[in-house]
Amino acid sequence: MTSIKRMKGLSLARPIIYGNSATPLNGKKGGDADHTHRWTISVRGVNNEDISYFIRKVAFKLHDTYDNPNRVIEKPPFEVTETGWGEFDIIIKIHFNPISGEKPLTLYHHLKLHPYEEDGLGNPWPKQKPVTSYSYDEIVFNEPIDSFYAILQENTTSNVPLKKTPHHQFSLQAEQEEVERLDKALKTTAQEIVRYREKCKRLEAELATK
């Protein structure tokens, strides 16, 4: 029996983007007259590059009201397109190349059909503009099997770009801006806490003198 050798002390990460896009339906479908949107749930590379060298298949668990709610996609693009009217949670299970020896990875995504927001310029969301909801993640392979490590090394996967562009929702620039927004919010919250504590102390002092 061939022994399995792991690359001790080494790890490799592969970025993915998963989520959905949705557009309103123009007209009614026979049998699905209550469906309002067409949507696609997917798992893909940062630049839509081929990720099948490390992903064997992707299983999507839809709502039980769909025919065959368990959809297994065994070749790229790893996506499912459907129509419907309601939002729900989708379970995504990523199965890796058998040579990897890795267990499947389970992700969760809430299907988004409606914008619930303006278009970013303060205007109402255009009726025919697609609604998108995607997440960026990095799959980390810790101490991978040597043969799988070689496959990962032979196939490069794009990383997120440095700058924001209309075609890239995720970038290092956007990440830094988000960190700065969170830092600002934390500072504002801390200042508010100090202000309310001082207010409480003043009120307590006033009550004590009465």
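Residues numbered from 1 in each chain as written. Predicted model: local features only at pLDDT ≥ 70, side-chain atom pairs only at ≥ 80, totals over all residues. Heavy atoms only, no water.

1. Here we look at the sheet that holds strand β5 (residues 78-84)
Taken in spatial order, the four strands make up an open sheet running β5-β2-β1-β8, and their pairing is antiparallel. In this open sheet, the two strands that pair with only one neighbour each are β5 and β8 (131-142). Strand-to-strand, the axes of this sheet are offset by a mean angle of 10°, without reference to chain direction. In the packing of helix α1 (residues 146-154) onto the sheet, the strands contacted are β1 (11-24) and β8, and the crossing angle to β1 comes to about 60°. (Pairing = 2+ DSSP bridges. Helix = DSSP H or I, 4+ residues; strand = E, 2+ residues; numbered from the N terminus. Axes fitted to C-alpha atoms, helices over the stretch in contact; angles between N-to-C directions. Contact = heavy atoms within 4.5 Å.)

2. Description of α1
For α1, the full list of buried residues reads Phe148, Tyr149, Ile151 and Leu152. Projection of α1 onto a plane perpendicular to its axis shows the buried side chains occupying an angular sector of 160°, all on one side. Buried residues along α1 sit in contact with β1 and β8. (Buried < 20%, exposed > 50% of the residue type's maximum accessible area, 1.4 Å probe, protein only. Arc of directions from axis to C-beta.)

3. Section: the side chain of Glu49
By secondary structure assignment, the location of Glu49 is in the loop between β2 (37-44) and β3 (55-61). In this structure Glu49 is buried but unpaired, with Arg44 as the nearest side chain of opposite charge at 7.0 Å. For Glu49, the side chain forms a polar contact with the main-chain nitrogen of Asn47, separated by 2.7 Å. (Lys, Arg positive; Asp, Glu negative; His and termini not counted. Salt bridge = Lys/Arg side-chain N within 4 Å of Asp/Glu carboxyl O. Polar contact = N/O pair within 3.5 Å; in protein donor to acceptor, adjacent residues only side chain to side chain.)

4. What to know about the nonpolar core
One finds Trp39, Val43, Phe54, Phe60, Ile92 and Ile94 to be the most contacted residues of the largest nonpolar core, which totals 34 residues. Secondary structure elements with two or more residues in this core: β1, β2, β3, β5, β6 (89-96), β8 and α1. (Core = buried A, V, L, I, M, F, W, Y, C linked by side-chain atoms within 4.5 Å.)

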